[in-house]
2 protein chains.
Amino acid sequence: MLSCMHEHDGPLTRLRRSHEQAVLELLRKHGPLSRAELGDRSGLSRTTLHDIVAGLVGNGSVVVATPHVEVRKRGRPVEKLSLNPAAGEAVGIDFARRAVHVAAVNFAHEVIGSASEAHAADLSWPERIDIAERLLAAPGAVHLDALSAIGVGVVGPITDPGSEKARARGTDGLPDLLRKRFGVPVLLDNNTRLAALAEAVWGAAADSSDVLYLRLSHGVGGGLVVGGALHRGRNGLSGEFGHITVDPAGRPCECGGSGCLETRASLDAVLYRYREAGGRADDLAAFLDAAVAGERSALDVLERVGIDIGGVLAAVCQAVGPGVIVVGGELAEAGPALLGPVERALREQLMPMARPHVDVRRATLGETGSALGGIALVLHESPLLSHYPRPGSEEDA
Amino acid sequence: MLSCMHEHDGPLTRLRRSHEQAVLELLRKHGPLSRAELGDRSGLSRTTLHDIVAGLVGNGSVVVATPHVEVRKRGRPVEKLSLNPAAGEAVGIDFARRAVHVAAVNFAHEVIGSASEAHAADLSWPERIDIAERLLAAPGAVHLDALSAIGVGVVGPITDPGSEKARARGTDGLPDLLRKRFGVPVLLDNNTRLAALAEAVWGAAADSSDVLYLRLSHGVGGGLVVGGALHRGRNGLSGEFGHITVDPAGRPCECGGSGCLETRASLDAVLYRYREAGGRADDLAAFLDAAVAGERSALDVLERVGIDIGGVLAAVCQAVGPGVIVVGGELAEAGPALLGPVERALREQLMPMARPHVDVRRATLGETGSALGGIALVLHESPLLSHYPRPGSEEDA
């Protein structure tokens, strides 16, 4: 997927990158190593290794340290090379409707930072990219010189996912703008799908490689992770759980259909139901407060929404058989008052032999989930980074 | 997945097998080759190649021919080696409820034969295996000495699919019995899922790598092919489209649930609806005849069933985004009288931007589909046979 960068590279550049990755992989695996140890383990010649290490130190991805304790008999200290804990290897950016979220991992694949900034909905792409750059360049944030790629989440379906040619609604040109600004390859996908991937790698379903993620927010969407990889579908149109029909005779949906789950379970739809039932809440926070306080009409609304959601999840489970279901988005903050009914309806509509396998969990990554998913996308799909451990590998062992 | 065989093999045996596969792959790709050409292309030493070829000729997978036309200058004819068109490389067996179906492919991955035999429903496994062996050993059928593996379809969910330890209802011990009888590794899966894989490799969806297969028979089931591979789900419980709820308040289903699609769209359910509507048909053939003759009540029943089916397919499509939907099983013989309403309901319930991508086709492989799927399973999952072209690779190119 990163071939965009490499198709213009000559064989020598590719060879050099492969050597660099071998050295980084050894440091990732073994921790600090001397040049001699790196030479033994990498099989590279002394000259080549010297050259590769100089490059990695130069771009900031590797640092040189001279430990006090370890001294050669002749008295000359042994320099140890290690990954620079502040160097960003991969960055994820989520361009949400009204906010930019960023996150970065270092060469040890540890998350070294994340940040968010809200903005007006009508902001231009260059202005949003400015925000992302500012967040990433903030003091104490990421050292970007050694960056290898950026994974980007955007709103709306991506019909050519993972590719630089992705043409989401309104995102034409975005990958180009980003590549020019950061000078590295850019992978693009729907930000809700990226949140699904992130939950399967770092979040609520980090122990499973088959995950159904549902996000209940202003819109209702989701994503499937199958065998540790993001599932996309033939035309990138997958994980659209919000547009599964609950009632063919139901209310018109923004998608152009009728009676979709989103017409029942979006934040607006839930607040509408609540007010219809006599509830007094202008926003979600007030509604959730009422639910926490045990107000009957709020709990009733969550019960009815939960049944609709559970029915849709049951249909998808029968088809796909996920190991874990993760529910995220603002409405998930209602907790058991929503997830209880969801799980009951789900169990009821599953075939009995599948019921014991239901495992519904609340998402854990919050608003930076999609940016983290962008990183996971880069780490999974880069041929240079293919040693990254797949989520669920322990479970599968 | 064939590790059961290889975990007891020493490194030399594995090396030998890898050499054998390299030679077979060259013959598959280039057609007949001389020993000298094989030596050049395989990189094997003359001694090793001699040894490997002798083994392959000995077990019947390779044959030696001396063409008339091609003669060396010195006058000595050049022997050409080629795949034995009659040698079975992989066999598929479908143990259906009341019949055994078999199929075989040669080393060129061409289907070289298939056969079926009906039997009583209560036949024991050894007796069913007798039938399979008889069908495979029939005169003019398959030359089995060079067999590498068997892929087997059985009725019911397989919770540990692809493994020799698969414990389907009543199939405990079946893989062992088969391995003892045929002396090769055995891969097991649900026979409806195997039919899905076969349609994606050799059947109605051979041009797509993302396929939703629905089978409408005494039961209603199906399977998903994702990226050219059979999708199984975390516990092997996937593709259970027949047990997606159409009406939570509906009739009890055999699965223990209520109002499942199967309670509306199984053959019995359809005939029941038809008789309720005043139709006179004791079996499916008579019902289909009535539909073909344009009888209103038969067409009405198909219309109503089609709407139920289309709704369920729409839900799965929104989640999974397949490239092609294939409908098989006896009820699919109703043709457009059923598939028309299915497609209309499907389109209506899909989000509008997904509607242009709907492609509903009738299955083409018939009753040997699952046996063919067993072969596809073997060809896809054997590490020795991993060069088999993935279905849809052209489409993806």
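Heads up: the structure comes first, above all this text.
This one's a predicted model, so the numbers in the text were calculated from it and none came from an experiment. (Residues numbered from 1 in each chain as written. Chains lettered and ligands numbered in written order. Predicted model: local features only at pLDDT ≥ 70, side-chain atom pairs only at ≥ 80, totals over all residues. Heavy atoms only, no water.)

Peer 1: Hey, could you run me through the relation of the copies chain B and chain A in this one?
Peer 2: One copy of the chain maps onto the second through a rotation about an axis and a displacement along it. Superposition record for chain B on chain A: RMSD 0.3 Å, screw rotation 180°, translation along axis 0.3 Å. Taken together, the rotation and translation relating the two chain copies correspond to the operation of a two-fold axis. Relative to the rotation axis, the closest C-alpha in chain B is found at B:Val316, a distance of 3.2 Å. Of the residues that chain B buries at the interface, 100% are likewise interface residues in chain A, meaning the two copies contact each other through the same surface. (Least-squares fit on C-alpha atoms with pLDDT ≥ 70 in both. Contact = heavy atoms within 4.5 Å.)

Peer 1: Sorry, what's going on with the interface of chain B and chain A here?
Peer 2: Each partner contributes to the interface: chain B provides 39 residues, whereas chain A provides 40 residues. In total, chain B and chain A occlude about 3,100 Å² of area from one another, counting both sides; carbon and sulfur atoms represent 60% of this. Contact with chain A buries surface across chain B, with B:Arg234, B:Leu237 and B:Ala319 losing the most and accounting together for 21% of the total. Viewed at the interface, chain A and chain B are joined by two salt bridges. Linking A:Arg234 and B:Asp210 is a salt bridge whose minimum nitrogen-to-oxygen distance equals 3.6 Å. Joining chain B to chain A, the criterion identifies twelve residue pairs in polar contact (both at pLDDT 80 or more). Only β10 (220-226), α11 (296-320) and α14 (393-396) of chain B provide two or more residues apiece to the side of chain B that touches chain A. Ranked by residues supplied to the side of chain B that touches chain A, first place goes to α11(B) with six residues. (Buried area = accessible area lost by both parts, 1.4 Å probe. Salt bridge = Lys/Arg side-chain N within 4 Å of Asp/Glu carboxyl O. Polar contact = N/O pair within 3.5 Å; in protein donor to acceptor, adjacent residues only side chain to side chain. Helix = DSSP H or I, 4+ residues; strand = E, 2+ residues; numbered from the N terminus.)

Peer 1: What is the right way to read helix α4 (residues 46-58) of chain A from this model?
Peer 2: Because each turn of an α-helix spans 3.6 residues, side chains separated by three or four positions end up pointing in the same direction. All names here are of chain A. The end-to-end C-alpha separation of α4 is 18 Å, in line with the 18 Å expected for 13 residues at 1.5 Å each. For α4, the full list of buried residues reads Leu49, Ile52, Val53 and Leu56. For α4, the arc enclosing every buried residue in end-on projection is 100°, short of the 170-degree limit, so these residues lie on one face. Of the exposed residues in α4, the ones pointing more than 90 degrees away from its buried face are Thr47, His50 and Gly58. (Expected span 1.5 Å × (residues − 1). Buried < 20%, exposed > 50% of the residue type's maximum accessible area, 1.4 Å probe, protein only. Arc of directions from axis to C-beta.)

Peer 1: Help me understand the nonpolar core, please; the structure alone is not making it clear to me.
Peer 2: For soluble globular proteins, the rule of thumb is that nonpolar side chains tend to be buried together. Ranked by internal contacts, the top residues of the largest apolar core, which has 101 residues, are A:Phe287 and B:Phe287. Take this core: its biggest share by element is 14 residues, from α11(B). With near-sequence residues (within four places) excluded, A:Phe287 lies in contact with A:Val270, A:Leu271, A:Tyr274, A:Ala281, A:Ala298, A:Val301, A:Leu302 and A:Leu331. (Core = buried A, V, L, I, M, F, W, Y, C linked by side-chain atoms within 4.5 Å.)

Peer 1: What is the right way to look at the side chain of B:Asp94 in this model?
Peer 2: Residues and elements named next belong to chain B. Among the secondary structure elements, Asp94 is positioned in strand β4 (residues 88-95). With no salt bridge to any partner, buried Asp94 finds its closest opposite charge in Arg215, at an N-O distance of 5.3 Å. In this structure the side chain of Asp94 is engaged in a polar contact, spanning 3.0 Å, whose partner is the side chain of Asn191. Residues in contact with Asp94, not counting those within four places in the same chain, are Ala99, Val100, His101, Gly153, Asn191, Glu367, Ser370 and Ala371. (Lys, Arg positive; Asp, Glu negative; His and termini not counted.)

Peer 1: Looking at this structure, how should I read the state of the cysteines?
Peer 2: Disulfide: a covalent bond connecting the sulfur atoms of a pair of cysteines. Throughout the structure, instances matching the rule amount to zero disulfides over all chains. B:Cys260 provides the cysteine sulfur closest to B:Cys253, a residue in no disulfide bond, and the two sulfurs are 3.8 Å apart. (Disulfide = S-S within 2.5 Å.)

Peer 1: Hey, could you run me through the packing of aromatic side chains in this one?
Peer 2: For any pair of aromatic rings, the description rests on two quantities: the centre-to-centre distance and the angle between the ring planes. Using the criterion set out here, one finds four aromatic pairs over all chains in the structure. Taking the centre distance of 5.3 Å and the plane angle of 85° together, the rings of A:Phe95 and A:Trp125 count as edge-to-face. Linking A:Phe95 in strand β4 (residues 90-95) with A:Trp125 in helix α5 (residues 125-137), this pair joins segments that are 30 residues apart in sequence. Among the residues examined, A:Trp125 registers a relative accessible area of 18% and is labelled buried. With 4.8 Å between their ring centres and 70° between their planes, B:Tyr274 and B:Phe287 make a pair best called edge-to-face. (Phe/Tyr/Trp six-rings, centres within 6.5 Å; stacked < 30°, edge-to-face > 60°.)

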